[in-house]
Amino acid sequence: MKALAIVLTAFLVAIQAQLWFGKGGLARGVQLRAELREQAEANEKARARNTQLQAELLDLREGLEMVEEKARMELGMVKPDEVFVPLRR
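Residues numbered from 1 in each chain as written. Predicted model: local features only at pLDDT ≥ 70, side-chain atom pairs only at ≥ 80, totals over all residues. Heavy atoms only, no water.

Q: I tried to follow the pattern of salt bridges on my own but got confused; where do I start?
A: Pairing between side chains of opposite charge can happen when the charged atoms of each approach one another. Scanning the model with the defined rule gives three salt bridges in all. For Lys-79, the salt bridge identified is with Glu-68, shortest N-O distance 3.4 Å. Placement of the pair is Lys-79 in the segment after α2 (26-75) and Glu-68 in helix α2, with a sequence separation of 11 residues. According to the relative accessible area criterion, Lys-79 is partly exposed, its value standing at 44%. On the basis of relative accessible area, Glu-68 is assigned to the partly exposed category, the value being 34%. The partner of Glu-74 in a salt bridge is Lys-70, and the shortest N-O contact between them spans 3.5 Å. Placement of both Glu-74 and Lys-70 in helix α2 is noted, with a separation of four residues, approximately one turn of the helix. (Salt bridge = Lys/Arg side-chain N within 4 Å of Asp/Glu carboxyl O. Helix = DSSP H or I, 4+ residues; strand = E, 2+ residues; numbered from the N terminus. Buried < 20%, exposed > 50% of the residue type's maximum accessible area, 1.4 Å probe, protein only.)

Spelled out as structure tokens, the structure:
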């Protein structure tokens, strides 16, 4: 019976050693959580930058369309190989 208790204690110590110091142990878990937190912050910064770039792109697209429309209506500008036919009401 005493030998069985010693063997079970040895297994328990081996399992605990793996948990604390092994390849997938607690130290590695803490390290991975820190890396995950850093990556989440980097992702959030990239997401904010992407949103800003999309807004700038939208402004450029709409801005150019607005400028072109104003030039066509107020100044009568036309593109090359385009015929302008004014309609009056």
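Q: Looking at this model, I keep getting lost on a nonpolar patch on the surface. Mind explaining?
A: A cluster of nonpolar residues, Met-1, Leu-4, Val-7, Leu-8 and Phe-11, forms a patch on the protein surface that exposes about 590 Å² of accessible area. Positionally, Leu-4 belongs in helix α1 (residues 2-21). When its relative accessible area of 47% is taken as the criterion, Leu-4 is described as partly exposed. (Patch = residues over 30% accessible without salt bridge, like charges linked within 9 Å, V, L, I, M, F, W, Y side chains within 5 Å. Areas by Shrake-Rupley, 256 points an atom, 1.4 Å probe, with all protein chains shown as cover.)

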